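The primary structure of each chain is shown beneath.
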Amino acid sequence: MSWGAAVACAGAAVLLLGGRPSGARRAGLLFAGGGVVPTGPPAWEQALGELRGLRGRLGTEWWSLLAGLVLAVLGTSLIPVVAGAAGVPVLRRVRLAREARLVRERRADAVIALCGALAGEVRAGRQPGEALLRSARESGGLGEGQAAVVAAARFGGDVPGALAVAAGPPGAEGLLGLAACWRVAVDQGAGLADGLDRLDGALRAERDQRADLRAQLAGARATALLLAALPTLGVLLGSAMGADPLHVLLHTGAGLGCLVTGAVFEAAGVWWVARIVRGAEAV
């Protein structure tokens, strides 16, 4: 509680010293500076901006180490620092997996947009090669393989082969269907626009199914996160009641045993729930 009071007092002092000028201070600045009052964001807003920039550069996983340092100061023990440092690579892996999933979803949306735009260009009377060039430039659905596909379409190369290569990154698998439609249309004279319409509908249905499944699993994720946060809530309630749970957990044998056992069960439970959710999404 003393540390919390000290931090609160320090924050209040920073706000009072670096915040917006008071009336007397503003008047002094006005008359001393020839009527010019310094403008710009106050100091506390600048500090918040610097903290956001630091968080963007370091990544959210470093908050684990920061939380460990705070608990180490409050509990006068190095165990929270070690635990916070151990949580950094785990949280980094979670963050990278989330970013990869977002990139995969954006790539899949770009492929769907490419199929729809290409079908519209072909129905408008453009030649397939010219239609592909315009659609790829507008939608960006070819990703890293756009240069090879554009070159093949412009100079009469192997467009289906280039599309198959461009379908390698996760989320771009729909380009394999586009390559198949292109090959059938060129080799057998089938309608390219009809095949693209069917492909676009199938890709949209698959995307909507994934979104619906993710919405249904949101409740399970929220429940798992709530259960994982209950031990922290228990420690906070114990501190509010004056029981000093940090001292018991970090400086007594029974407390250390309970801490290690609880951490193992907590990690196992979170891993098991994440495994179940991943299995459900992969079906």
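What counts and how
Residues numbered from 1 in each chain as written. Predicted model: local features only at pLDDT ≥ 70, side-chain atom pairs only at ≥ 80, totals over all residues. Heavy atoms only, no water. Helix = DSSP H or I, 4+ residues; strand = E, 2+ residues; numbered from the N terminus. Buried < 20%, exposed > 50% of the residue type's maximum accessible area, 1.4 Å probe, protein only. Core = buried A, V, L, I, M, F, W, Y, C linked by side-chain atoms within 4.5 Å. Contact = heavy atoms within 4.5 Å. Phe/Tyr/Trp six-rings, centres within 6.5 Å; stacked < 30°, edge-to-face > 60°. Axes fitted to C-alpha atoms, helices over the stretch in contact; angles between N-to-C directions. Parallel < 35°, antiparallel > 145°, perpendicular 65-115°, else oblique. Left-handed = near helix turned anticlockwise from the far one by under 90°. pLDDT = per-residue confidence, 0-100. Arc of directions from axis to C-beta. Polar contact = N/O pair within 3.5 Å; in protein donor to acceptor, adjacent residues only side chain to side chain. Patch = residues over 30% accessible without salt bridge, like charges linked within 9 Å, V, L, I, M, F, W, Y side chains within 5 Å. Areas by Shrake-Rupley, 256 points an atom, 1.4 Å probe, with all protein chains shown as cover. Salt bridge = Lys/Arg side-chain N within 4 Å of Asp/Glu carboxyl O. Nonpolar A, V, L, I, M, F, W, Y, C, P; charged D, E, K, R; others polar.

A. Geometry of the environment of Val103. Looking at the secondary structure, you find Val103 in helix H5 (residues 79–123). Overall, the relative accessible area of 34% leaves Val103 in the partly exposed class. C-alpha separation for the pair Val103 and Gly171, spaced 68 residues apart in sequence, amounts to 7.9 Å.

B. Fine view of the nonpolar core. If you look at the biggest cluster of nonpolar residues, it comprises 33 residues, and the most contacted ones within it are Leu118, Leu175 and Leu178. Considering every element that reaches this core, the biggest residue donor is H5, with seven residues. Ignoring anything within four residues of it in the chain, the contact list for Leu175 reads Val111, Leu114, Gly141, Leu142, Leu163, Ala166 and Ala167.

C. Just the packing of aromatic side chains, in detail. All chains considered together, the criterion is met by one aromatic pair. Both rings, one in Trp271 and one in Trp272, keep their centres 6.0 Å apart while their planes meet at 50 degrees; by these two values the pair is tilted. A relative accessible area of 44% places Trp272 in the partly exposed class.

D. Summary view of the packing of helix H6 (residues 128–139) against helix H7 (residues 146–154). At their nearest, the axes of H6 and H7 sit 9 Å apart, and the two run at 155 degrees to each other. On the basis of their axis angle, the class for H6 and H7 is roughly antiparallel. In this structure, the crossing between H6 and H7 has a hand that is left-handed. Counting all contacts with H6, which are made through Gly129, Leu132, Leu133, Ala136 and Arg137, the residues of H7 involved are Gln146, Val149, Val150, Ala153 and Arg154.

E. Geometry of the confidence of the model for the protein. Averaged over all residues, the pLDDT of the protein is 78; the fraction at 70 or higher stands at 77%. This model gives residues 1–38 a pLDDT under 50, and the stretch forms 19 contacts once residues within four places in sequence are excluded.

F. Highlighting helix H8 (residues 159–166). Every buried residue belonging to H8 is among Val159, Pro160, Ala162, Leu163 and Ala166, and all of these are buried. The arc that holds the buried residues of H8, viewed along the axis, is 160 degrees, so those residues lie on one side. N-capping of H8 is provided by Asp158, with a side-chain oxygen placed 3.2 Å from the backbone N of Gly161.

G. Broad picture of a nonpolar patch on the surface. A cluster of nonpolar residues, Trp63, Leu66, Leu69, Val70, Leu71 and Leu74, forms a patch on the protein surface that exposes about 520 Å² of accessible area. For Val70, the location among the structural elements is in helix H4 (residues 62–75).

H. Quick peek at the packing of H7 against H8. Running from amino to carboxyl end, H7 crosses H8 at an angle of 175 degrees, the nearest separation of the two axes being 9 Å. Taken together, the axis directions place H7 and H8 in an arrangement best described as roughly antiparallel. On H8, the residues that touch Ala148, Val149, Ala152 and Ala153 of H7 are Val159, Ala162, Leu163 and Ala166. A class-by-class count of the residues in the contact of H7 with H8 yields eight nonpolar, no polar and no charged.

I. Fine view of the environment of Asp244. Along the chain, the position of Asp244 falls in the loop between helix H10 (192–240) and helix H11 (245–251). Taking relative accessible area as the criterion, Asp244 reaches 44% and is therefore assigned partly exposed.

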